[in-house]
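Residue-level listing of the chains:
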Amino acid sequence: MKSFGSKPWILPQPVLIIGTYDKDGKPNAMNAAWGGQWDMHEIIISLGSHQTTDNLALNPELTVTFATASTLVAADYVGIASGRNTPDKMEKTGWTIEKAPNVNAPLFKEFPMTLECKVKQKIEESETGYYLIAEIVNILCDERYLAEDGNPDVESMGIITYDPVHHSYIRLGETVGKAFSDGKSLK
């Protein structure tokens, strides 16, 4: 095996789009790859110092959605452009933006599933950022992406993952097994 040393190569990495409002109620979004489930009703995201962290200091509510193949270009853009110095950042995305129903944060209609969240804790906060733990208040899913059982159909969403090795995006593929079930054959 070839050794690469220590790198941030946990796979797959979600492509999270974080939505917040600034002090004037103007929507902002950023792209964050270093995040995941923290507990049953909480997520954790590693955040550097951004317009998003400025916004969360004023209003601790946010939306978190998952980038898809169809939202890739604008999702990548909000990770490149800073809300601090690009006043028309959100207009350039072309996204349809409305207020989320349960938190004071923007909802981006082009994404199939969105978590409505409230900041629960900031860990190791410094001038360079922090680890954000957020409580999931509600999950919204576009009805076009519901399976026959009425739950979100993740496979149909076209969700992408970030490849930190090659700095690319990969579309998640097909279902290949059943969790908490297939392993029973080895009992």
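Residues numbered from 1 in each chain as written. Predicted model: local features only at pLDDT ≥ 70, side-chain atom pairs only at ≥ 80, totals over all residues. Heavy atoms only, no water.

> What exactly am I supposed to notice about the nonpolar core here?
Proteins that are soluble and globular tend to have nonpolar side chains buried together. Ranked by size, the top nonpolar core spans 21 residues in total, and within it Ile 43, Ile 45, Leu 47, Leu 62, Val 64 and Cys 117 carry the most contacts. If you tally residues by element for this core, the top one is strand β10 (residues 129-141), at four residues. Each residue touching Ile 45, except ones within four places of it in the same chain, is listed here: Leu 16, Ile 18, Ala 32, Trp 34, Gly 35, Val 64, Tyr 130, Tyr 131 and Leu 132. Core analysis: the second largest hydrophobic core is formed by 14 residues, Val 15, Ile 17, Ala 33 and Phe 108 among them. (Core = buried A, V, L, I, M, F, W, Y, C linked by side-chain atoms within 4.5 Å. Buried < 20%, exposed > 50% of the residue type's maximum accessible area, 1.4 Å probe, protein only. Helix = DSSP H or I, 4+ residues; strand = E, 2+ residues; numbered from the N terminus. Contact = heavy atoms within 4.5 Å.)

> Explanation requested: unusual backbone geometry in the structure shown.
For residues besides glycine, phi is generally negative; the peptide bonds are generally trans as well. Residue Leu 11 is joined to Pro 12 through a cis peptide bond whose omega torsion reads -10°. Its place among the elements puts Pro 12 in the segment before β1 (13-14). Even without glycine at this site, His 167 takes up a positive phi of about 50°. Among the secondary structure elements, His 167 is positioned in the loop between β11 (160-163) and β12 (168-171). Owing to a relative accessible area of 61%, His 167 belongs among the exposed residues under this scheme. Unusually for a residue other than glycine, Phe 180 sits at a positive phi of about 60°. By the element assignment, Phe 180 lies in the segment after β12. Exposure remark for Phe 180: the relative accessible area of 80% places this residue in the exposed category.

> For this particular structure, what's the right way to read the pattern of salt bridges?
Proximity of charged atoms lets side chains of opposite charge pair with each other. Summed over the entire model, instances satisfying the criterion amount to six salt bridges. With a closest N to O distance of 2.2 Å, Glu 42 and Lys 120 form a salt bridge. Of this pair, Glu 42 sits in strand β5 (residues 42-48) while Lys 120 sits in strand β9 (residues 113-126), placing them 78 residues apart in sequence. For Lys 109, the salt bridge goes to Glu 98, with nearest N and O atoms at 3.8 Å. Placement of the pair is Lys 109 in the loop between β8 (106-108) and β9 and Glu 98 in strand β7 (residues 97-99), with a sequence separation of 11 residues. (Salt bridge = Lys/Arg side-chain N within 4 Å of Asp/Glu carboxyl O.)

> Teacher, can you tell me more about the sheet that holds strand β2 (residues 16-21) here?
For sheets, the rule is that strands pair by backbone hydrogen bonds, running either parallel or antiparallel. Ordered in space as β3-β2-β6-β9-β10-β5-β4, the seven strands form an open sheet in which the pairing is antiparallel. Strands at the two margins of the open sheet, each flanked by one partner only, are β3 (27-32) and β4 (35-39). Ignoring which end each strand starts from, the neighbouring axes of this sheet average 35° apart. Where β4 and β5 come together, four bridges link them in antiparallel fashion. Bridge assignment links Asp 39 to a residue of β5, and that residue is Glu 42. Running over the sheet, helix α1 (residues 51-58) touches β2, β3, β5, β6 (61-66), β9 and β10 and is turned about 50° from β2. Packed onto the sheet, helix α2 (residues 72-80) meets β2 and β3 and runs at close to 95° relative to β3. (Pairing = 2+ DSSP bridges. Axes fitted to C-alpha atoms, helices over the stretch in contact; angles between N-to-C directions.)

> Is there a simple way to think about the sheet that holds β1 in this case?
Read from one edge of the open sheet, three strands run β1-β11-β12, paired in antiparallel fashion. One side of each edge strand has no neighbouring strand; the edge strands of this open sheet are β1 and β12. One ladder, built from two bridges, connects β1 with β11; its direction is antiparallel. Residue pairing across strands places Gln 13 opposite Tyr 162, the latter belonging to β11.

> Looking at this model, I keep getting lost on the pairing of β6. Mind explaining?
As a general feature of sheets, a regular strand has side chains that alternate between the two faces. Of all six residues in β6, six are buried; the element is thus mostly enclosed. Going residue by residue along β6, you find Glu 61, Thr 63 and Thr 65 tucked away on one face and Leu 62, Val 64 and Phe 66 tucked away on the opposite face as well. As paired strands, β2 and β6 are joined by four bridges and run antiparallel to one another. The residue bridging Gly 19 from the neighbouring strand is Thr 63, located in β6. Pairing between β6 and β9: five bridges, direction antiparallel.

As far as function goes, none of this settles anything; it's purely spatial.
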